[in-house]
Amino acid sequence: MKKKIVVFTGAGVSAESGIKTFRDSGGLWEEYDVRDVATPEAWAKNPGLVLRFYNERRNQVIDAKPNAAHHAIASLQKKFDVHVVTQNIDDLHERAGSKNVLHLHGEILKARSSVDPALIYPMKNREIKIGDKCEKGSQLRPHIVWFGEAVPNYELGINICHEAELLIIIGTSLNVYPAAGIVHYAKPEVRKFLIDPQDIPHGSIENLTSIKEKAGTGMQQLAERILSGEIVL
Ligand code: APR
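Quick notes on the rules
Residues numbered from 1 in each chain as written. Predicted model: local features only at pLDDT ≥ 70, side-chain atom pairs only at ≥ 80, totals over all residues. Heavy atoms only, no water. 1 Å grid on protein atoms, 1.4 Å probe; cavity = no way out; pocket = protein on both sides within 12 Å on 5 of 7 lines; lining within 4 Å. Points joined across faces, edges and corners; volume = space filled by probe spheres on them. Helix = DSSP H or I, 4+ residues; strand = E, 2+ residues; numbered from the N terminus. Core = buried A, V, L, I, M, F, W, Y, C linked by side-chain atoms within 4.5 Å. Buried < 20%, exposed > 50% of the residue type's maximum accessible area, 1.4 Å probe, protein only. Contact = heavy atoms within 4.5 Å. Domains from an automatic or database assignment. Buried area = accessible area lost by both parts, 1.4 Å probe. Salt bridge = Lys/Arg side-chain N within 4 Å of Asp/Glu carboxyl O. Polar contact = N/O pair within 3.5 Å; in protein donor to acceptor, adjacent residues only side chain to side chain. Nonpolar A, V, L, I, M, F, W, Y, C, P; charged D, E, K, R; others polar. Pairing = 2+ DSSP bridges. Axes fitted to C-alpha atoms, helices over the stretch in contact; angles between N-to-C directions. Near = heavy atom within 4 Å. Areas by Shrake-Rupley, 256 points an atom, 1.4 Å probe, with all protein chains shown as cover.

So, about the layout of surface pockets. The computed volume of the second largest pocket comes to approximately 220 Å³. Forming the walls of the second largest pocket are 14 residues, and the residues nearest its centre are Arg112, His143, Val145, Pro152 and Asn153. Secondary structure elements with two or more residues in the lining of the second largest pocket: strand E3 (101-103) and strand E4 (106-113). Broken down by element, the lining of the second largest pocket gets its largest block of residues, 3 residues, from E4.

See below:
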């Protein structure tokens, strides 16, 4: 049986594809107040602004391409059972060929009903507009987990991480809970790598090696070491 590698990713893995991170300088949360665009309260108060914000995000994702990091992660599937657990709402892991991708914070290319969370629709257009409705007649919203909302895939993420035989964390400030807490469910004896150009305070993750590189270079080098057998699981 193939050994299981879990890759936990954040905005930094898509940075080299031209998608802005949230908390770096020049990041999205410098430009926007989270409370105006990414909360249920914002949606109640100004749905037009919320839709505009996510329409812009969607357009950027559609025009972006997977980068070397997404491809290197997918290349590990040649020899390993690879599971990507991502906080990202883009589809760049999927487009690079990763087969098992769990989205913790939703998917920008899907819309969902604002009255029935089970009604989720792949989007045909680039934009959701005021007046676009679900089959029950309610306004469509982006299929995104907003601040203050539950993370439906959280338990699944924990289980996947707990079964990891190697864990790679890439491009996340590990600031946003509960998602960031998932990495703590990996077994202590399992080897872990963290790729990020910044020093990331990670609490007390055991057996962790930091690789202070951008995702593209860092992940390409790490994938080579894993596939060549230099790093043994
Ligand atoms: N390669 C790797 N990492 C990078 C790169 C790069 N080229 N550029 C930036 N980074 C790193 C930053 O150093 C930082 O640690 O990516 C991280 C981005 O952190 P955040 O902006 O906080 O993004 P993330 O951790 O994914 O945010 C979590 O917050 O607002 C929400 O829902 C949103 O899912 C998101 C969550």
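Attention now goes to the nonpolar core. With 24 residues, the main nonpolar core has Trp29, Phe53, Tyr54 and Trp146 as its most contacted residues. The set of elements that each furnish at least two residues to this core consists of helix H1 (28-31), helix H3 (40-45), helix H4 (47-63), E4 and strand E6 (140-144). Counting residues per element, this core draws most heavily on H4, at 5 residues. Leave out the neighbours within four places in its chain, and tyrosine 54 touches Val37, Ala38, Ile89, Ile108, Pro142, Ile144 and Trp146.

Assigned domains within the protein: domain 1 (1-18 + 66-105 + 151-233) and domain 2 (20-63 + 108-144). Using only C-alpha atoms to locate each centre, domain 1 and domain 2 end up separated by 26 Å. Across the contact, 12 residues belong to domain 1 and 11 residues belong to domain 2. In total, about 850 Å² of surface goes out of reach between domain 1 and domain 2, with carbon and sulfur atoms giving 63% of it. Between the two partners, domain 1 and domain 2, sit 0 salt bridges. The interface formed by domain 1 and domain 2 holds 2 residue pairs in polar contact (both at pLDDT 80 or more) in total. Across the side of domain 1 that touches domain 2, the residue classes tally to 4 nonpolar, 5 polar and 3 charged.

On to the sheet that holds E6, then. Within the open sheet, the 3 strands sit side by side as E5-E4-E6. Their pairing is antiparallel. Because the sheet does not close on itself, it has two edges, and the strands there are strand E5 (120-122) and E6. Strand-to-strand twist in this sheet, taken as the mean axis angle between neighbours without regard to direction, amounts to 45°. By the bridge criterion, 3 bridges tie E4 to E5 in an arrangement that is antiparallel.

This next bit is on the pattern of salt bridges. Within this structure, the stated rule accounts for 11 salt bridges. A salt bridge links arginine 126 to aspartate 63; its shortest N-O distance comes to 2.8 Å. Taken together, the residues span a long stretch of sequence, with arginine 126 in the loop between E5 and E6 and aspartate 63 in helix H4 at a distance of 63 residues. Taking the relative accessible area as the measure of exposure, arginine 126 reaches 34% and is therefore partly exposed. Note that arginine 95 and aspartate 91 form a salt bridge whose closest N and O atoms lie 3.0 Å from each other.

For the rest of this paragraph, the subject is the site of the ligand. With respect to spatial proximity, 23 residues lie near the ligand, and among them Arg23, Trp29, Thr172, Ser173 and Asp196 are the closest. One nitrogen or oxygen atom from the main chain of glutamine 87 is found 3.1 Å from an oxygen atom belonging to the ligand. Here glycine 171 contributes a backbone N or O atom positioned 3.3 Å from an oxygen atom of the ligand. Coverage of the ligand by the protein chains reaches 93% of its 740 Å² of free accessible surface. When the residues that make up the shell around the ligand are grouped by side-chain class, the tally is 9 nonpolar, 9 polar and 5 charged.

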